[in-house]
Every structure is written in structure tokens, then in C-alpha cells.
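Examining the three-dimensional arrangement
What follows is the residue order along each chain.
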Amino acid sequence: MAKASVMTVAIMAICLWSLISFALAADKFNVVGKVYCDTCRVEFETKLSEPIPGAWVKLECRKVNDEVVTLSREAVTNATGGYNIPVEGEHEEQICEVRVDKSPRADCNEKMEAWEKAQVQLSSQDGLAQPIRTANNLGFRKKEPLPGCAQLLKKMGFPLIG
Ligand SMILES: *[C@@H]1O[C@H](CO)[C@@H](O)[C@H](O)[C@H]1NC(C)=O
């Protein structure tokens, strides 16, 4: 009887240990963010910026030394312009970036440097315990500014733009 329970405890300990090491090894992250239309063509967010549903974004991780791609995922923004890309695994010593790919809006599909891509950390070694990694907002520039932009920018203290 005593022998059997020692055995049971040992088996339980082994099970627990493998569960814990599995949990530690399987790092899971969620890269979340939003895609906007820069309706005033100013390359920063204003009150008139509009979320873009149905926009394609691409997440890529590359090794720092040889730029080999280690991860590539695509996602489409939801009704409120948000995306959520689940990622598994450690990506330390890598540069991970999410960038805009395609816009569903013909009137708002110009890429611009300021909102084209955003870096995210996908490593738990960086001291961030949170699995949710929020990327800076991304966006496309509208071809024609909205009529309300001139007034809005003037109110914000910017000189009038065409
Ligand atoms: C859209 O995605 C974002 C990010 O995952 C989420 O916070 C938001 O609740 C989603 N909205 C809808 C309408 O599904």
C-alpha cells in the first residue's frame, strides 16, 4: 500500500512537471491593433480619422542577423477596424512588424510611411507578462481630404492645407 502511494505521488509529480514545462514552452501572444483611414491626409490621427473594416494586415518576424522570415501571418480587420492575430512561440532576437497590406476602400488606399508599419515584441523575455501585444495604429491615406478637415486642422492650430 505504502509502495503504491509513493508510486502515485511520483507519477503525479511527473505529470505536473511536464504540464508546467509545456505551459512555459508554449508562449502565446495576441497581436492586436487598428487600421484607420487618414481622411485629412496629415499622417496623424484626428477626430475625423475613420476605422477601416476589411483591411488586410500582415505580421512578419525576421531574425536580426540574417533577416530570415520566421513567422508570417495575415489578418483582416473587423467591423470596427480591429485585428487580432494569435501567435505561438518565442520570437526573441527577432524583429516583428505588422504592416498594412490591402485596403478595401478605393478612395482610401494610399500607403504612407508614418502609418504603414508598427513593431511588436513577441517574446516573454522582455519582461512583459501580458500576452496581448498592442501595435500602434496603422492606416491608409485618403485620396481627397474630407471637407471638414480644413476647419478641424485650423482649430488644432495647423495652417490651412489644400
Ligand atoms: C474587433 O477586433 C478588436 C481587436 O481584436 C476587438 O477588440 C473588437 O472587440 C472587435 N470588434 C468587433 C465588432 O468584433
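Refer to the structure above for everything that follows.
So, how was this worked out
- Sequence order sets the numbering: in each chain, residues are counted from 1 along the sequence as written.
- A pLDDT threshold of at least 70 governs which residues receive local features in this predicted model, and a stricter bar of 80 or more applies before side-chain atom pairs are shown or counted, although totals over entire chains, interfaces and linings include all residues.
- For the side-chain quantities, the full set of heavy atoms in the structure was used; hydrogens and water were omitted.
- A helix here means a DSSP run of H or I that spans at least four residues, while a strand means a run of E at least two residues long, and both kinds are numbered starting from the N terminus.
- In what follows, residue pairs with any heavy atoms lying within 4.5 Å of each other are defined as contacts.
- Nitrogen and oxygen atoms within 3.5 Å of one another constitute a polar contact, given that in protein one can donate a hydrogen and the other can accept it, and given that sequence-neighbouring residues count only through two side-chain atoms.
- Being near a molecule or strand, for a residue, comes down to having at least one heavy atom within 4 Å of it.
- Only the protein chains shown count as cover for residues, and the accessible areas themselves come from Shrake-Rupley with a 1.4 Å probe.
- In the scheme used here, Gly and all other residues not listed as nonpolar or charged are polar, with Ala, Val, Leu, Ile, Met, Phe, Trp, Tyr, Cys and Pro taken as nonpolar and Asp, Glu, Lys and Arg as charged.
- The classification of residues rests on relative accessible area computed with a 1.4 Å probe and restricted to protein chains. Under 20% of the type maximum is buried, over 50% is exposed, and intermediate values are partly exposed.
- Only four residue types enter the tally: Lys and Arg on the positive side, Asp and Glu on the negative side, with His and both chain ends excluded.
- Between Lys or Arg on one side and Asp or Glu on the other, a salt bridge is scored when a side-chain nitrogen of the former is within 4 Å of a carboxyl oxygen of the latter.
- Only the six-membered ring of Trp is used, alongside the rings of Phe and Tyr, when aromatic pairs are assigned; centres must lie within 6.5 Å, and planes under 30 degrees apart are stacked while those over 60 apart are edge-to-face, with the rest tilted.
- In this scheme, Lys NZ or Arg CZ marks a charge over a ring once it lies within 6 Å of the ring centre and within 35 degrees of the ring normal.
- Residues grouped as a nonpolar core are buried Ala, Val, Leu, Ile, Met, Phe, Trp, Tyr and Cys residues, joined through side-chain atoms within 4.5 Å.
- What counts as a disulfide here is a pair of cysteine sulfur atoms lying within 2.5 Å.

Turning our eyes to something else, we now look at the environment of Arg-62. With respect to the element layout, Arg-62 can be found in strand β3 (residues 56–63). Residues Arg-62 and Glu-93, spaced 31 residues apart in sequence, show a C-alpha to C-alpha distance of 8.8 Å. When residues no more than four places from it in sequence are discounted, the contact partners of Arg-62 are Glu-67, Val-68, Val-69, Thr-70, Gln-94 and Ile-95. A distance of 3.0 Å separates a polar atom in the side chain of Arg-62 from a polar atom in the side chain of Glu-60.

The next thing to look at is the site of the ligand. Around the ligand sit Asn-78, Thr-80, Gly-82, Tyr-83 and Asn-84, and those are all the residues in its vicinity. Asn-78 is positioned such that a nitrogen or oxygen atom in its side chain is 2.3 Å from an oxygen atom of the ligand. Between the ligand and Thr-80 there is a distance of 3.2 Å, counted from a nitrogen atom to a side-chain nitrogen or oxygen. When the free accessible area of the ligand is taken as 360 Å², the share hidden by the protein chains comes to 45%. Of the residues belonging to the shell around the ligand, the class tally is one nonpolar, four polar and no charged.

As a further point, take the side chain of Lys-142. With respect to the secondary-structure elements, Lys-142 resides in the loop between β9 (138–141) and α3 (149–155). Here Lys-142 is buried and forms no salt bridge, its nearest opposite-charge partner Asp-107 lying at an N-O distance of 4.1 Å. In terms of polar contacts, Lys-142 uses its side chain to reach the backbone carbonyl oxygen of Glu-144, at 2.8 Å. Sequence-distant contacts of Lys-142, defined by excluding residues within four places in its chain, comprise Cys-37, Asp-38, Thr-39, Arg-41, Arg-105, Asp-107, Cys-108 and Glu-110.

Applying the stated criterion across every chain yields a total of two aromatic pairs. Geometrically, the ring pair formed by Tyr-36 and Trp-115 is edge-to-face, given 6.5 Å between the ring centres and 75° between the ring planes. One end of the pair, Tyr-36, is in strand β1 (residues 28–38); the other, Trp-115, is in helix α2 (residues 113–116), with 79 residues separating them in the sequence. Here the two residues Tyr-36 and Trp-115 agree in accessibility, since each one is buried. Cation over ring: Lys-102 sits above Trp-56, and NZ or CZ is 5.2 Å from the ring centre.

Moving on to the nonpolar core. Ranked by internal contacts, the top residues of the largest apolar core, which has 24 residues, are Val-35, Leu-59, Tyr-83 and Leu-122. Of all the secondary-structure elements, those providing two or more residues to this core are β1, β3, β4 (69–76), β5 (82–88), β6 (94–102), β7 (117–120) and β9. The greatest single-element share of this core, amounting to four residues, is contributed by β1. Leave out the neighbours within four places in its chain, and Val-35 touches Glu-50, Pro-51, Ile-52, Ala-55, Val-57, Thr-77, Gly-81, Tyr-83, Val-100, Leu-138, Gly-139 and Phe-140.

The next thing to look at is the state of the cysteines. Two cysteines form a disulfide when their sulfur atoms are joined by a covalent bond. A complete count under the given rule lists three disulfides for this structure. Disulfide pairing is shown between Cys-37 and Cys-108; the S-S distance is 2.1 Å. Negative torsions about the S-S bond denote left-handed disulfides, and the value of about 115° found for Cys-37 with Cys-108 makes this one right-handed. In this pair, Cys-37 sits in strand β1 while Cys-108 sits in the loop between β6 and α2, placing the two residues 71 residues apart along the sequence. On the basis of relative accessible area, Cys-37 is assigned to the buried category, the value being 0%. One disulfide in the model links Cys-40 with Cys-149; its S-S distance is 2.0 Å. Here Cys-40 and Cys-149 share a disulfide; its torsion about the S-S bond, -85°, makes the bridge left-handed.

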